[in-house]
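Read off the chains here:
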Amino acid sequence: MDLQVEGKTALVTGASKGIGFATAAALAAEGARLVVNARDAAGLEAAAERLRATGADVVAIAGDVSNARQIKALLAATKERAGAPDILVSNAGGPPAGAAALLDDAAWAKGYDLTLMSAVRLARGVLPAMRAAGWGRIVFVTSLSVKEPVANLTLSNAFRAGVTAFSRTLASEVAEHGVTVNAVAPGYTATERLDELFADDYARARLVATIPAKRFADPAEVASAVAYLCSVQAGYVTGQTLLVDGGVVGSTY
Ligand SMILES: NC(=O)c1ccc[n+]([C@@H]2O[C@H](COP(=O)([O-])OP(=O)(O)OC[C@H]3O[C@@H](n4cnc5c(N)ncnc54)[C@H](OP(=O)(O)O)[C@@H]3O)[C@@H](O)[C@H]2O)c1
């Protein structure tokens, strides 16, 4: 299916690795002009080069999306170098693990800026131009934890629920302007984040056994869901969370 995003500008944050990189690759393959972001400039440039090698038009802008000032700079540089984004994929690294009863205020404040406010600030920043154009796509990468909290991932559980509520609320506010707002909630996906969280083979094998699909997701499988929500064809889908979890979440709704 041609997603009809050729020539559109897509800003993908957290895009040097994992799900973000796979998403940038999926949108680039559909002919979108990419602006990719991550903190480490060298790693980001290497990722951008890999995308350019496929013929994609890619601008790399380093910055930390947990920092309000750096988000402003990222959005200004995006506008200057590639035009106002038609598509935003808001993604970053996950917040650190920690027990609900033990995390201190400093950890909560960091998680708030990284996971909740990055989504809010990026969306607020791109919306005026999308509304003016009468077309836009915003997709937040969240987690299956929005449906079922994951033990010890307190900050992810709490703040991604916030992103989901923000996404749902914003979706209704902007629908009449041709802007859709959705989330993709990945399950366990084979990336560096998963390697960090489940470092030993025994823990990984136990985790895989709990997944009905009996394997981790390939980042490209999550990226395909994001790319669909960025398409022209998904224009009437808004306020939704699309789970890509191999069947882990077992609830009916
Ligand atoms: N993998 C899974 O199983 C899984 C499951 C559910 C949800 N998720 C969530 O999905 C998201 C992506 O996961 P992933 O597995 O693809 O992670 P990953 O492999 O660790 O990649 C994270 C990407 O985000 C960038 N990044 C991290 N912090 C950033 C920041 N503050 N500002 C800008 N860029 C930042 C990283 O580059 P730099 O380090 O250079 O910044 C990297 O490009 C995370 O929020 C994760 O929690 C993942």
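Shown above is the structure to which this text applies.
A. View of the nonpolar core. In this structure, Leu27, Leu34, Val36, Ile87, Val89 and Val184 are the most contacted members of the largest nonpolar core, which totals 35 residues. Counting residues per element, the ones that place at least two in this core are β1 (9–12), α1 (18–29), β2 (33–36), α2 (41–52), β3 (58–60), β4 (87–90), β5 (136–141) and α8 (219–229). With near-sequence residues (within four places) excluded, Val36 lies in contact with Val12, Ala15, Ala24, Leu44, Ala48, Leu51, Val58, Val59, Ala60 and Ile61.

B. Examining the side chain of Ser90 more closely. Within the secondary structure, Ser90 is located in strand β4. Taking the relative accessible area as the measure of exposure, Ser90 reaches 6% and is therefore buried. Contact partners of Ser90, with chain neighbours within four places excluded, come to Thr13, Ser118, Ala119, Leu122, Val139, Phe140 and Val141.

C. Highlighting the side chain of Thr191. Relative to the helices and strands, Thr191 is located in the loop between β6 (179–186) and α6 (192–197). Excluding anything up to four places from it in sequence, Thr191 contacts Gly18, Ile19 and Pro219.

D. Representation of unusual backbone geometry in the model. In this model, Gln4 sits at a positive phi of 60°, which is unusual for a non-glycine residue. Checked against the element boundaries, Gln4 lands in the segment before β1. For Gln4, a relative accessible area of 44% puts it in the partly exposed group. We note that Lys214 has phi near 60°; this positive angle belongs to a residue other than glycine. Of note, Lys214 is situated in the loop between α7 (201–209) and α8.

About the thresholds
Residues numbered from 1 in each chain as written. Predicted model: local features only at pLDDT ≥ 70, side-chain atom pairs only at ≥ 80, totals over all residues. Heavy atoms only, no water. Core = buried A, V, L, I, M, F, W, Y, C linked by side-chain atoms within 4.5 Å. Buried < 20%, exposed > 50% of the residue type's maximum accessible area, 1.4 Å probe, protein only. Helix = DSSP H or I, 4+ residues; strand = E, 2+ residues; numbered from the N terminus. Contact = heavy atoms within 4.5 Å.

Function-wise, these values are silent; they only describe arrangement.
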